[in-house]
Amino acid sequence: MKVLMLNGSSNPKGNTRCALGIVAEELAKEGIESEIFEIGAGPVRDCIGCGRCTENGCVFADDRVNEFVALAKQADAFVFGTPVYYAHPSGRVLSFLDRAFYSSKCAFSHKPGASVVVARRAGTSASFDAMNKYFGISEMPVVGSSYWNVAHGARAGEVVRDDEGVQTLKNLAKNMAWLLRCIEKGRECGVALPDTYDGARTNFIR
Ligand SMILES: Cc1cc2nc3c(=O)[nH]c(=O)nc-3n(C[C@H](O)[C@H](O)[C@H](O)COP(=O)(O)O)c2cc1C
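Okay, so let's go over this structure. (Residues numbered from 1 in each chain as written. Predicted model: local features only at pLDDT ≥ 70, side-chain atom pairs only at ≥ 80, totals over all residues. Heavy atoms only, no water.)

**Here we look at empty space enclosed by the protein**
We apply this condition: Buriedness for pockets is judged along seven lines, at least five of which must meet protein on both sides within 12 Å for an open set on the 1 Å grid over protein atoms alone, while cavities are sets there where a 1.4 Å probe fits but cannot get out, and lining residues have an atom within 4 Å of a point. Grid points are joined across faces, edges and corners, and a volume is the space filled by probe spheres set on the points. Put simply, Ala, Val, Leu, Ile, Met, Phe, Trp, Tyr, Cys and Pro go in the nonpolar bin, Asp, Glu, Lys and Arg in the charged bin, and everything else, Gly too, in the polar bin.
Tallied over the full model, the rule gives one cavity of 30 Å³ or more. Of the pockets and cavities examined, the largest cavity occupies roughly 90 Å³. The wall of the largest cavity is formed by 14 residues, among which Cys-47, Cys-50, Cys-53, Cys-58 and Arg-99 lie closest to the centre. When its residues are assigned to classes, the lining of the largest cavity shows eight nonpolar, three polar and three charged.

**Notes on the layout of surface pockets**
Approximately 380 Å³ is the volume attributed to the largest pocket. When the residues that make up the lining of the largest pocket are grouped by side-chain class, the tally is eleven nonpolar, three polar and five charged. In this structure, the second largest pocket spans a volume of roughly 220 Å³. Every residue lining the second largest pocket is listed: Lys-105, Glu-139, Tyr-197, Asp-198, Gly-199, Ala-200 and Arg-201.

**Here's the deal with the pattern of salt bridges**
This is how the line gets drawn: The salt bridge definition used is simple: a Lys or Arg side-chain nitrogen within 4 Å of an Asp or Glu carboxyl oxygen. Where helices and strands are cited, they refer to DSSP runs of H or I of at least four residues and of E of at least two residues respectively, numbered from the N terminus. When accessible area is computed with a 1.4 Å probe and restricted to protein chains, residues below 20% of their type maximum are described as buried, those above 50% as exposed, and intermediate ones as partly exposed.
As enumerated under the stated definition, the model contains 13 salt bridges in all. Measuring nitrogen to oxygen at the nearest pair gives 3.1 Å for the salt bridge that ties Arg-45 to Asp-62. In this pair, Arg-45 is assigned in the loop between strand E2 (33-38) and helix H2 (65-74) and Asp-62 in the loop between E2 and H2, connecting sequence segments 17 residues apart. Using a relative accessible area of 52% as the deciding quantity, one classes Asp-62 as exposed. Two residues, Arg-99 and Asp-63, come together in a salt bridge whose shortest N-O distance is 2.8 Å. Here Arg-99 is found in helix H3 (residues 91-104), whereas its partner Asp-63 is found in the loop between E2 and H2, with 36 residues between them in sequence. Both residues of the pair, Arg-99 and Asp-63, count as buried. Among the charged side chains, a network of salt bridges with common partners joins Glu-26, Lys-29, Glu-30, Lys-174 and Arg-181.

**Observations concerning the side chain of Ser-104**
What counts is decided by this rule: Residue contacts are counted whenever heavy atoms from the two residues lie within 4.5 Å of one another.
Relative to the elements of secondary structure, Ser-104 occurs in helix H3. Ignoring any residue separated from it by four or fewer positions in sequence, one finds Ser-104 in contact with Gly-57 and Val-69.

**Some details on the site of the ligand**
Stated formally: Proximity is defined per residue: if any heavy atom of the residue lies within 4 Å of a molecule or strand, that residue is considered near it. Under this definition, polar contacts are N or O atom pairs within 3.5 Å; protein pairs additionally need one hydrogen-donor-capable and one acceptor-capable atom, and for neighbouring residues in sequence, both atoms have to be side-chain atoms. Using the Shrake-Rupley algorithm and a 1.4 Å probe, accessible areas are obtained, with residue cover drawn only from the displayed protein chains.
Surveying the vicinity of the ligand reveals 16 residues, the closest of which are Ser-9, Thr-16, Val-84, Arg-121 and Ala-122. Taking Arg-120, its main chain carries an N or O atom lying 3.2 Å from an oxygen atom of the ligand. Within the backbone of Gly-153, a nitrogen or oxygen atom sits 2.8 Å from an oxygen atom of the ligand. Expressed as a share of its isolated accessible area of 640 Å², the protein-covered part of the ligand is 72%. Among the secondary structure elements, those contributing two or more residues to the shell around the ligand are helix H1 (15-29), strand E3 (77-85) and strand E5 (113-119). Among the elements that line the shell around the ligand, the one with the most residues is E3, at three residues. Its residues assigned to classes, the shell around the ligand shows nine nonpolar, five polar and two charged.

**Some details on the side chain of Asn-149**
Looking at the element boundaries, Asn-149 is found in the loop between helix H4 (124-136) and strand E6 (150-152). Classification of Asn-149 as buried rests on a relative accessible area of 1%. If sequence neighbours within four positions are ignored, Asn-149 has contacts with Ala-114, Ser-115, Val-116, Val-117, Phe-128, Val-143, Gly-144, Thr-168 and Leu-172.

**Looking at the environment of Lys-185**
In this structure, Lys-185 sits in helix H5 (residues 163-188). You can call Lys-185 exposed: its relative accessible area is 52%. Linking Lys-185 and Tyr-85, residues 100 residues apart in sequence, is a C-alpha distance of 40 Å.

**Thoughts on H1**
As a reminder of what qualifies: Expected helix span is computed as 1.5 Å times (number of residues minus one).
End to end, H1 covers 21 Å across 15 residues, agreeing with the expected 21 Å (1.5 Å per residue, within 8%). Among the residues of H1, those classed as buried are Asn-15, Thr-16, Ala-19, Leu-20, Gly-21, Ile-22, Val-23, Ala-24, Glu-26 and Leu-27. Next to the buried residues of H1 lie strand E1 (2-7), E2, E3, E5 and H5. Gly-31 sits one or two positions beyond H1 and adopts a positive phi of about 80°.

Structural data, given as structure tokens:
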């Protein structure tokens, strides 16, 4: 079983990466493999709603979105991390995930997801809500912890000094591991994925 994480900060040594590292370490103790994918500091395009999504992901291939989509198809669960910028997730993580989910929802459906939010001080709840929206529309069980998945830090690495934040991240990993084991056991016992309805798209009520 493998958990694919996304560092939505351009800083590969910053607090978001550090928070995801804590989740990864705890997952490893539970015997679960993980990988942290760096969004990087290069340009990330927005979704322009062109509707030309391909089976490999987004029609634009000049950033790392499709590389992430390919890994997502193989992954069993996800943790998306972001720093808070002006009380919302980083612009780059939203652009990245808009295109990953709009082009390739099936790579994520019915797999557990969690988001992790890091801030110096404020805007964590609003950012956490925004990140969790991807899961709700993609039929994904959302994994929680003993607090909302937030941790505080300003200078790189400072997040490790937020004791409750660290505890929350570790508990998130334990809950993720538990859910993954439940899903695996269910699959072994013949529990099939739900055959959900599709096709109705009521854009407005006449
Ligand atoms: C453009 C920008 C906006 C920010 N806005 C907020 C904010 O609204 N609230 C807050 O608490 N911290 C804010 N911060 C601080 C970062 O969230 C914080 O330093 C975080 O630890 C950075 O994560 P990173 O090291 O993974 O990049 C902001 C930082 C930047 C660069």
